[in-house]
Amino acid sequence: MTSPPPLAKDSPIIIIGAGIFGLSTSLHLAQRGYSNITVFDKQPYHKTLYSYDAGCDSASFDINKIIRSAYGSQTEYQDLSTEALSAWAAWNEELKSSSEDDTLLPPGMTSSDIFFIQNGHLTCSDADTLPEFERATVENMELAGHHGTQLINNEQRDIKLASQQGFTSALQPFDKHVLGVLDTTGGFVLADKACRFALYKAKRLGVRFILGAESGRLTSFIHRSSVSPSTNSIITGIVTADGKSHSAALTILCCGGWTPSLLPSLDSLCETTAGSVFMLHIPEASPLRKRFHHSRFPSWSFNMRDHGADGGLYGFPVDQNGVLKIGYRGTKYTNPQVQSDGRERSVPVTKWSSNDAITQVPQQAHQVVTKFLEEYLPELGNSGIYIAETRLCWYTDSFDNHYVIDRVPRHEGLMCATGGSGHAFKFLPSIGNWVVDVIEGVGLDRPAIKAWRWRILQEGEEPVNKLMEGSQGPRSLWNVPLVSV
Ligand SMILES: Cc1cc2nc3c(=O)[nH]c(=O)nc-3n(C[C@H](O)[C@H](O)[C@H](O)COP(=O)(O)OP(=O)(O)OC[C@H]3O[C@@H](n4cnc5c(N)ncnc54)[C@H](O)[C@@H]3O)c2cc1C
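- An unreviewed UniProt entry lists the protein under the name FAD dependent oxidoreductase domain-containing protein, from Trichoderma asperellum.
- Taken directly from UniProt, the Cofactor (unreviewed entry) text for the protein runs: "FAD".
- Comment text from UniProt for the protein, heading Sequence similarities (unreviewed entry), reads "Belongs to the MSOX/MTOX family."

**Observations concerning the packing of aromatic side chains**
Aromatic ring pairs: the centre-centre distance and the angle between the two ring planes describe each pair.
Phase 1 of the analysis: Tallying each qualifying case throughout the model produces 24 aromatic pairs.
Phase 2 of the analysis: Plain terms: the ring middles of Y314 and F316 are 6.2 Å apart, the flat faces sit at 85° to each other, and that makes the pair edge-to-face.
Phase 3 of the analysis: Classification of Y314 by relative accessible area gives buried; the value is 11%.
Phase 4 of the analysis: With relative accessibility at 2%, the residue F316 sits in the buried group.
Phase 5 of the analysis: Clustering of aromatic rings is evident, with ring pairs tying together F21, Y71, Y77, Y403, F427, W434 and W452.
Phase 6 of the analysis: In this arrangement the basic side chain of R305 is found over the ring face of F133, its NZ or CZ atom lying 3.5 Å from the centre.
Phase 7 of the analysis: Its guanidinium or amino end placed over the ring of F399, R455 lies 5.8 Å from that ring's centre, counting from NZ or CZ.

**What to know about the side chain of T350**
Phase 1 of the analysis: Mapping T350 onto the fold places it in the loop between β19 (344–346) and β20 (361–362).
Phase 2 of the analysis: Exposure remark for T350: the relative accessible area of 2% places this residue in the buried category.
Phase 3 of the analysis: Looking at T350, its side chain comes within polar contact range of the main-chain nitrogen of W352, at 3.0 Å.
Phase 4 of the analysis: Setting aside anything within four residues of it in sequence, one finds T350 in contact with D57, A357, I358, L392 and W394.

Rules and cut-offs
- Residues numbered from 1 in each chain as written.
- Predicted model: local features only at pLDDT ≥ 70, side-chain atom pairs only at ≥ 80, totals over all residues.
- Heavy atoms only, no water.
- UniProt positions renumbered as here; feature names shortened; annotations may be inferred.
- Phe/Tyr/Trp six-rings, centres within 6.5 Å; stacked < 30°, edge-to-face > 60°.
- Buried < 20%, exposed > 50% of the residue type's maximum accessible area, 1.4 Å probe, protein only.
- Lys NZ or Arg CZ within 6 Å of the ring centre and 35° of its normal.
- Helix = DSSP H or I, 4+ residues; strand = E, 2+ residues; numbered from the N terminus.
- Polar contact = N/O pair within 3.5 Å; in protein donor to acceptor, adjacent residues only side chain to side chain.
- Contact = heavy atoms within 4.5 Å.

See below:
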């Protein structure tokens, strides 16, 4: 592809989607001096404040998300995490110091709020020996100079280090022992609050937000045909559901799980898949509120790799409302629907969807989580605390788990930043800086940016995620039994 002409700082830029990719991109564009940025989203986040209970169903809404530096041999993401951790610390500081200037805070937030809680992230399994991923993490974090941050929970030297740093209880957080590595740089972020803050910050920097089902929803692109043989069309803007046209020199699609159906050329590169989320409610008077408090209990992942449908669990400490959240990704379910071009693509469906809303979760996910709770956290059931709520949450998986941040081939003026593959939230404060580098053509030979290029599965390449199995496939929600709690 030939390089597009540079964008003037006052060129109109449209971003569609106010999830983490859209928010972060808008923030960093504004910070680099771009002055004509509009973010569109079909969800009215100014009213719903990224809360699921208020009707949000994007991937970025949530009460909490995991932060970790542990990335095995994928040192490009390890480095990104180091960068993001500094940015999260800076945001925490910004919040704290806002007591002197409350215009820095979105309405409803105070300077005693916090985004990132560094209570450690435990990657663990029921194996007898440390899996390759954990070994690689320990080695690569040491090589990068982060000494003593990755603590193996059965090694005396590391147990001592954990005790010195106040992490003893996070090494073995369950009622049954596990083998794993505590990443003491990690923990979790309060996701909805962080998104609200990012949106407010972007607004303060002059970014316009058009939010809502009519004025904020992209329905089509405006394009004109190209005279260049390497380009099919030039995208010059969008049309929204209220019928209005909006011109842009650059349009950036950041629509999470909705992106593959808006951009069919992502077929076989990205697919929308569901994770199953389970919430237990711990009453305020219960001593388990203390037991699962973040000062004692880490964020964790269990049997995440090589366990197929029986593994893929992760979880969090209890939140301030008593919610203990556990997620399941052992099977990445799909919702294939026939689209206007006659092809099937998986699209998000949740309890908030206007068509075919779904309030249940797959029985298999429920069984795996219930078994884990019985085996590893029986004290919850013994105290009469069971799964109280469930939901589906929609990821955008690429075949290799790398993001897709690139110009869309053959469509001048169109980019996408998507394919979060279950691990992009942690980069909310920083990923936009990389997107702007891609826009400006800066440092394109860095490994991360190369990994995010538009790509196809090469012959003989084994995909991390098998995509597009369709409605007849074993992961289709319509072929698996569903349960309610
Ligand atoms: C259950 C779950 C748990 C996760 N846990 C973690 C974790 O612990 N740590 C971590 O780092 N990452 C985690 N992730 C991954 C992370 O949340 C995602 O990678 C990230 O939030 C994706 O952001 P996004 O901007 O791509 O998409 P989204 O957040 O889904 O945002 C897309 C936006 O586009 C809007 N949109 C869609 N279509 C249109 C349209 N036609 N017009 C206008 N707007 C439109 C939507 O309304 C939405 O607001 C998790 C993901 C899920 C689903």
